[in-house]
Structures are given as C-alpha cells and as structure tokens.
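# Fold and contact review
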Amino acid sequence: MLDIVWLIPALPLAGFLILVFAGRLLGEPRAGWLATLCCAGSFAASVVVYAGLLGESEEGRHFTQTLFEWVPVGALQVDVGFLADPLSITMALFVTGVSTLIHLYSIGYMHGDGDYPKFFVYMNLFVFSMLMLVLGSNLLVTFLGWEGVGACSYWLVSFWFSSEANATAGKKAFVTNRIGDWGFMLAMFLAFAAVGTLNYDELFAGVENIAPVTATAIGALLFLGAVGKSAQIPLYIWLPDAMAGPTPVSALIHAATMVTAGVFLMTRVNPILAAGYEWVPDMIAWIGVITALVAATIAVAQNDIKKVLAYSTVSQLGYMFLAVGVGAYVAAIFHMIAHAFFKALLFLGSGSVIHGLHEEQDMRRMGALRRFMPLTAVTFMVGWLAIAGVPPFAGFWSKDDILLFAWGSGGADAKALWAIGLVTALLTGYYMSRQVFMVFFGDARWAGTAAPSGAGHGGEPADEITPGQAGDAGEAAVAADPGTAAATHGPAGEHAEPHESPWLMTLPLVMLAVLSIAGGVINLPFNDDVHFLEHFLEPVLGENEAHIAVPTGTKVTLAVIAVVAGLIGIAVASAVYLRRRVRAVEPEVLAHAWYYDEAVTAFMGGPGRKSFDAIAWFDAHIVDGAVNGVATVVRAVGGRLRSVQSGFVRSYALGVTVGVVVVLGYFLTRLSF
C-alpha cells in the first residue's frame, strides 16, 4: 500500500499535463471536472497510504521511495524521492481533500471565464507543487515544491492580469517570497557543508555532530524562508494583496497550500531546532504571537470581505508559529488542519456572497443576506464560530491547545505569550462577528439604502448607496477584462435581489462546515486515549515535542477564560454592529494596516528605487568598467604582440639568432679572464 505514494503527486501532475495540451479542446466544464477528479484521485491515494501507515508499527511508519537519481555531482547526491511518514501523509490528506472541494467549487465559480481551462491548469500545478513540498525526501525536492507554489501563486493571484492592481499583486507575492527563499537556499548550503547531505534521514541522523552555532544558523535561515512563505512579520504584506485573484485561489492559498508550508517546514526540521540555541524557538514564538496580534488589530477595520479573512489568516498562522516556538508541534499541526477546514469554508463562503451580489466585496454594501442566501449564511456562521473558538467547533480545541502550551511552556515569558494570544482570541471573536453582522444581518444596504452609522472608517457613515452602485465592482471587472468570471455574473441590475449560489458551490460549503464542526475529534484533550493526532505524529517528533505538567483544574480554567474572551469579542461586536448601541471605532491607522505596507511601498518607489538605480549604475560603470578596462588593455597588448607573430620561419629564425647573440653577449661581458 505504501508503494503507491508516488501516485499522490502524479495525479495532479497528469491533470496539469493533459490540460496544458488538451484544455482548450475539453473546454468548460470538462476541463474543471478533469482537474477535480485528479485531485480527488490524489486524495484517495493519500487515504490508501495512510491506511498502510496505520498497518505498520510506530517504528515502521517511515517509508522512502526513490524514483530516480537527480543531482549526482561529486559528494552531492540528490534523488527525486518521496518520504511517507505520519507528518507528510497528514499534510497530504488535508491538502488533497480541501483542494478537491475547492476545485469542485471552482467549476461553478469560474463559469463563463474566457480562460477557464488555463485556470485549472494552474490549480492542478499548484496542488502538485504543494505535494512535492510535503512529500519530498530531502531539502532540495522540498525546495522544488517550495518554488513551485511560489510560481503558481504569481500566476493565480494575477490571473485577471489585465487589471494593473491584479498584476501588481501577483508580482508583490512573487518578489516578497524571494526574500524568504534566499534564507532557505543558504540553509541548504550550510546543511550540506556541515553534514554532507540534504536527505532528511541522513541529515537528522547526523544532527548530533553539528555544532550548536551551525544548527542555530540553519534553523534561523529556514525560519526566514517560513516567514516569507507563511506571511509573518515583516514579510506578511504580500498575503492581503493576494486577494486580487479569483476567490478559489484565495481559499487554496490561505487554507490548503502555500501559507501552511512554513509551519510544515519548521515541524519537519524539529531535530535541527532542538540542536540549536534556545533563542531561535523563542524568536519563532514571539514573531508568531506579535504577528497574530498585529494582524488581528488590522482586521477589525477592514471593509473588504476578503481582506478581513486575509488578515485573519496571517493572525492564525501566527498562532501556529507560537505553537512551534514553544515546542507544541502537534498543536501547530492540529490548528493547521482545523484552520484549513474553517478558513476554506470562510473564503468559499465569501466567494458565494460576492457571486450572489454580482462581484460586490465591500461589506458596507451588504447586509440582511441571510434571508436571500440561507445556505451560504448558515455555513459561513459555522466557520465564524469555529475561528472564534466557540466550543465544540474545531477551532476551539486547536486554539485552546496552543494557548495551553504557551501558558505551560515554563519560560520567563510564558505568561506574556499566553496573554497576547488571549487578547488576539478576543479580537478574533470581535472582527469575525463584525463581518458576519455586516454581511448577513442588519439592513439591506445593497438595495439602495444608506450604510448604517459607523459603517465607514473611523465611525463615519458611508456614502449613500444608490440602487445601481451595488454592481459597480462587477461592471468595473467587466470593463477591465470581459473574459473574467465577473463578466458572466453581470451587474447588480441583472437581478432584483441577491441569489444563492449553484449546488457546485454550496456542496463544498456544506462539507467544509461539517469538518469545521467535527474536525476537533482528531485530538481531543480529555485523556491520552483520544490524543489521536499526537500518537500518530509521535514517531516524527519524538522527544522534541513539548510535554507540560498543568493540573486539570488549570486546564479547565484556561479553556473557560479563552472561551469567555472570544464571547466578549462577539458581544462587543453585537452591541456595535447588530444592536447599534455603541458607536463603531475603526481608526484610520488600522484601516491602513498601521501604514506599514504603504511605508514599504513608498520606500521601494522612492529611496529604494534610487538606491537600486545607484547600485545598477555602480555595477554598469564601476564593476563592468573595471572588467571591460582590463579586457581592453589585454586586447591592446595582444594586438601589439600579434605583429611579431608573422608566421614566417625566417622571421622566427632571425629572432632566435638575435636572442642567442644577446644571451651570449650578456654572459661574455660577465666573464672575467
């Protein structure tokens, strides 16, 4: 059963190749169905391999399959091979499962798009790249998938590239991630120099022979790669702009692929982190928890339905890195899985809302949609309760696990980490409730009524919305690119009211809602017998997984405090946006994301651009000038010397004769008689 591990990435790759050559011929919807079936087949293969692992003893749940030799260069021997162990197969299961649902949703969402087959070409390639990343048996194969998801994100974020904003967002994602990739590459070079291999098994076996300072450098550089890919401070700025792509792309990036890669990488290299100095895990925990808090503060003042979810993703990823930093790798993976369920649900739900409102994304032009889109509303609210940490939804169990480990980690800053995580939980309940109340409750602001007081930034009322304005975004999309899916949905005037999405879009919502409710059962905290995920991952983590001694009473108290914090956030949002008893406070500084992104943009377009131009001038005139100058001198001297190389034997004989006479004359004058 383990021998078919190669089939997991092979099926999305086959779908990609078929669609490259025959996608236009297949057309809509066959191209979409083919891509979806390839992902579904990959999920089925993952289930079979998972069953095969369960049939082995804990020590035997480690299977390496080598396909072929890739890089045989001296001491560097790298194979294209796959590692099937509890960590990689856990990742493969939720990557393929959630991706299949997103593909199914996309068949309906992308209906009528002029580049319908091309969209699924990129989607299948994206899934293939992510599977190469998680299944790779060595750092170089992982890096191949790492770069693959980066390239696919560029193509998919800027899929509707005729809009300059979309094209810019794709470039921003690509360039920002290159900073992190530089750290990954340096880590590989250092690992090979220290151990002589990039293979995970050999690398971890030789970790005891690595000096702590070297292990620290490798771990820190790999974390730099994770910061870029998983959008942590200071490289998180690309992820909110990634909303420019079609909504299924947002769901794929934020839930199942790409942004989870950094957390996976840190978990995979846990032996290296354990062999280094303590300041690296501490740094990971602090960057994670600060990112979680900062992103949550930004989310409270966003009005774009997808931007709220984007900053929410950044915040939730911060929780995962907090878990990694305190050694709670199981909690990090647990929250990653739960997050994949409810974040995919929330993004696809937002896409259903956008579809039903004919491409409107401003929450100030929404409201009362629960009456017109009941299935979307119910499933979206399941995702809301899950991310807010309300029991018994999946997010409660996973987030509470992280906060518990932060409290019991034993470091001097343990309580500070827990407190910041708790404040973030309160803010999560607040901004997600704000989104639900603005979108599904209150007045129907899409129907020509004025936005309620406090709906605008800083608590100011939004401008009055005329009946035709609700379709402005859709009309703008049509004008920008008539071939987009936006063009097929039509302006607001085409339908008198918002409408529910077709079954191809609502079926994945229902399935993800079920997973968001029941997903917590994979690692319940009641006793050791129900720690299913922990036991499954134990062979990969070994002694590096943190174990805390916290009394049961303290655990219950901490869980109650976390739930109360989330409920306080919900209650405050209800008072502001539902019952309107309190005026909304949405500071401009939060609406503008603390002006950090704008500051980076201003620097890159101003002093940064001038610095780059100066470096380019120095390279062209000084560096190239020196090289070209040396070449010019050598060429001139060679030209002079070439004149004495006439090719005539008599000239050479004369030269030899003259030389002999000169040499003899020199020695004769030195002789003393």
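Now for a description of the structure that goes with this document.

This part is about unusual backbone geometry. The residue after glutamate 28, namely proline 29, is reached through a cis peptide bond having omega 0°. Structurally, proline 29 is set in the loop between helix H1 (7-26) and helix H2 (30-54). The linkage connecting isoleucine 233 with the following residue, proline 234, adopts the cis geometry, with an omega of 5°. With phi around 55°, arginine 580 is a residue other than glycine that occupies positive phi space. Inspection of the secondary structure assignment puts arginine 580 in the loop between helix H23 (552-578) and helix H24 (588-591).

Counting across every chain of the model gives zero disulfides. Between cysteine 38, a cysteine without a disulfide, and cysteine 39, which holds the nearest cysteine sulfur, the sulfur-to-sulfur distance is 7.3 Å. Free of any disulfide, cysteine 152 has its nearest neighbouring cysteine sulfur in cysteine 39, separated by 12 Å.

The next point concerns the packing of aromatic side chains. Enumeration over the complete set of coordinates arrives at 23 aromatic pairs. Aromatic side chains phenylalanine 119 and phenylalanine 120 sit 5.4 Å apart centroid to centroid with 90° between the ring planes, which places their arrangement in the edge-to-face category. Comparing phenylalanine 119 with phenylalanine 120, the two get one shared label, buried. Geometrically, the ring pair formed by phenylalanine 223 and phenylalanine 321 is edge-to-face, given 5.8 Å between the ring centres and 70° between the ring planes.

Two numbers describe how H2 lies on helix H4 (residues 116-135): the axes approach to 8 Å, and their chain directions differ by 15°. Put simply, H2 runs roughly parallel to H4. As for the relative orientation of H2 and H4, their crossing is left-handed in sense. The segment H2 lies against H4, with Ala31, Gly32, Ala35, Cys38, Cys39 and Ser42 engaging Tyr116, Pro117, Phe120, Asn124, Val127 and Leu131. Split into classes, the residues belonging to the contact of H2 with H4 amount to nine nonpolar, three polar and no charged.

About the criteria used
- Every chain is numbered independently, its residues counted from 1 as its sequence is written.
- Selection of residues for local features in this predicted model requires a pLDDT of at least 70, selection of side-chain atom pairs for listing and counting requires 80 or more, and totals for whole chains, interfaces and linings are taken over all residues.
- For side-chain calculations, the full set of non-hydrogen atoms in the structure is used, while hydrogens and water are omitted.
- Secondary structure counts use DSSP, requiring at least four H or I residues in a row for a helix and at least two E residues in a row for a strand, with both numbered from the N terminus.
- By definition, disulfides here are pairs of cysteine sulfur atoms that lie within 2.5 Å.
- Aromatic rings from Phe, Tyr and Trp, taking only the six-membered ring of Trp, are treated as a pair when their centres fall within 6.5 Å; an angle between ring planes under 30 degrees marks them as stacked, one over 60 as edge-to-face, and anything in between as tilted.
- Burial classes: relative accessible area under 20% of the type maximum marks a residue as buried, over 50% as exposed, and values in between as partly exposed (1.4 Å probe, protein chains only).
- Angles run from 0 to 180 degrees between N-to-C directions of axes, and those axes are lines fitted to C-alpha atoms, restricted for helices to the stretch in contact.
- Roughly parallel means an angle under 35 degrees; roughly antiparallel means over 145; roughly perpendicular covers 65 to 115; every other angle is labelled oblique.
- Take the far helix as your reference; a near helix turned counterclockwise from it by less than a right angle gives a left-handed crossing, and one turned clockwise gives a right-handed crossing.
- In what follows, a contact means two residues having at least one pair of non-hydrogen atoms within 4.5 Å.
- Ten residue types, Ala, Val, Leu, Ile, Met, Phe, Trp, Tyr, Cys and Pro, are classed as nonpolar, four, Asp, Glu, Lys and Arg, as charged, and the remainder, Gly among them, as polar.

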